[in-house]
Amino acid sequence: MPDTSIFTSFLMPFRGLALLFRTGLRRYVFAPLLINILIFSLTAWIGVIYFEQFIDWALPADSWMRYLEWLLWPLFAITYVVIAFYSFTLVANLIASPFNSILAAQVEKTLTGKLPEDHSGSIVKEIIPAITGELGKIWYFVLRAIPVLILMIIPGLNAIGSVLWLLLGFWFLSIEYADYPMGNHHIRPADQRRQLRRQPFQTWAFGAAANLLMMIPVVNFAAMPATVAGATLWRLKSADTRMAL
């Protein structure tokens with residue numbers, strides 16, 4: 001995936017949101033949108049219940065860090081929200097993965113005039129490879145998340161852990177959504193990550209924008225299909241593919 005600018009990469013999820021209103025794409029958005037609304041609503045409800053307990057655990061009253069509460073509280077609050085969002089993302093994308101793969105293919109067809117080669121377009125045929133690929137991404141994330149989470153529970157180091165968690169989360173969101181358009185062209189996960197590592201700041205920028213999209217009220221319900229569409233546009237633009245924009 002050739003380089004794009006950091007700013008261009010950041011804008012892609014938002015441009016993906018606009019793509020969802022294109023004629024011919026709306027019917028492919030319905031299933032991911034419905035799944036997103038249901039899972040997000042459940043996650044938000046659980047998140048509100050446990051937020052105060054998390055802050056009390058991260059900033060105990062007898063901790064020296066209470067002197068820096070004005071600085072650390074926003075960091076830990078953002079970390080909590082990001083943890084909740086990534087938990088939601090893992091579940092929502094696992095369920096919606098076959099629909100997301102088809103949506104990415106249809107976005108590519110809308111932009112280039114043709115589907116990815118050998119893409120079946122059948123939801124039944126996409127179920128097993130999509131879910132298998134999603135489980136692989138979850139395993140990739142968990143292996144890297146565990147050391148960061150351990151760091152976050154060590155007093156005095158949890159602030160560093162929170163920063164690393166944010167960066168890991170942004171990276172994972174890029175890997176998560178770039179997989180759909182790249183996987184449609186039979187690019188293996190290891191090769192996908194190798195391409196993304198060639199432009200680390202662009203990859204972080206895309207993930208940060210995806211995370212921001214998830215935090216905007218109402219808009220967050222469409223964040224998953226919007227980011228799928230944005231990742232497809234990102235890949236096509238990075239590959240310098242001729243598009244009907």
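To be clear, the structure that these remarks concern was listed above.
Since we're looking at a predicted model, the values are computed, not measured. (Residues numbered from 1 in each chain as written. Predicted model: local features only at pLDDT ≥ 70, side-chain atom pairs only at ≥ 80, totals over all residues. Heavy atoms only, no water.)

Engineer: Give a detailed account of the overall build of the chain, specifying residues and quantitative values.
Structural biologist: A count of helical and extended segments in the chain gives 8 helices and 0 strands. Going from the N terminus to the C terminus, the chain shows its helices and strands as α-α-α-α-α-α-α-α. Across the 245 residues in the chain, those meeting the buried criterion constitute 49%. By sequence separation, contacts in the chain at least 24 residues apart represent 79% of the contacts at least 6 residues apart. As displayed, the chain has an accessible area near 12200 Å², and 70% of this comes from carbon and sulfur atoms. (Helix = DSSP H or I, 4+ residues; strand = E, 2+ residues; numbered from the N terminus. Buried < 20%, exposed > 50% of the residue type's maximum accessible area, 1.4 Å probe, protein only. Contact = heavy atoms within 4.5 Å. Areas by Shrake-Rupley, 256 points an atom, 1.4 Å probe, with all protein chains shown as cover.)

Engineer: Could you give an account of the nonpolar core, naming the residues involved and the relevant values?
Structural biologist: Of all hydrophobic cores here, the largest spans 39 residues; its most connected members are Val-107 and Tyr-177. Breaking this core down by element, the ones donating at least two residues are helix H1 (6–19), helix H2 (26–58), helix H3 (69–112), helix H5 (158–183), helix H7 (200–215) and helix H8 (223–238). Sorting elements by how many residues they give to this core places H8 first, with 9 residues. Not counting chain neighbours up to four residues away, the residues in contact with Tyr-177 comprise Thr-89, Asn-93, Phe-206, Met-214, Met-224, Thr-227, Val-228 and Ala-231. The next biggest cluster of nonpolar side chains, apart from the first, holds 9 residues, and it includes Ile-138, Val-148, Met-152 and Phe-172. (Core = buried A, V, L, I, M, F, W, Y, C linked by side-chain atoms within 4.5 Å.)

Engineer: Describe in detail the side chain of Glu-108, supporting the description with residues and values.
Structural biologist: Note that Glu-108 resides in helix H3. Buried Glu-108, no salt bridge; nearest opposite-charge side chain is Arg-235, N-O distance 4.9 Å. At 2.8 Å, the side chain of Glu-108 and the side chain of His-185 are in polar contact. Not counting the four nearest positions on each side in its chain, Glu-108 is found in contact with Gly-113, Lys-114, Pro-116, His-185, Thr-232 and Leu-236. (Lys, Arg positive; Asp, Glu negative; His and termini not counted. Salt bridge = Lys/Arg side-chain N within 4 Å of Asp/Glu carboxyl O. Polar contact = N/O pair within 3.5 Å; in protein donor to acceptor, adjacent residues only side chain to side chain.)

Scope: geometric values only; no functional claims are made or implied.
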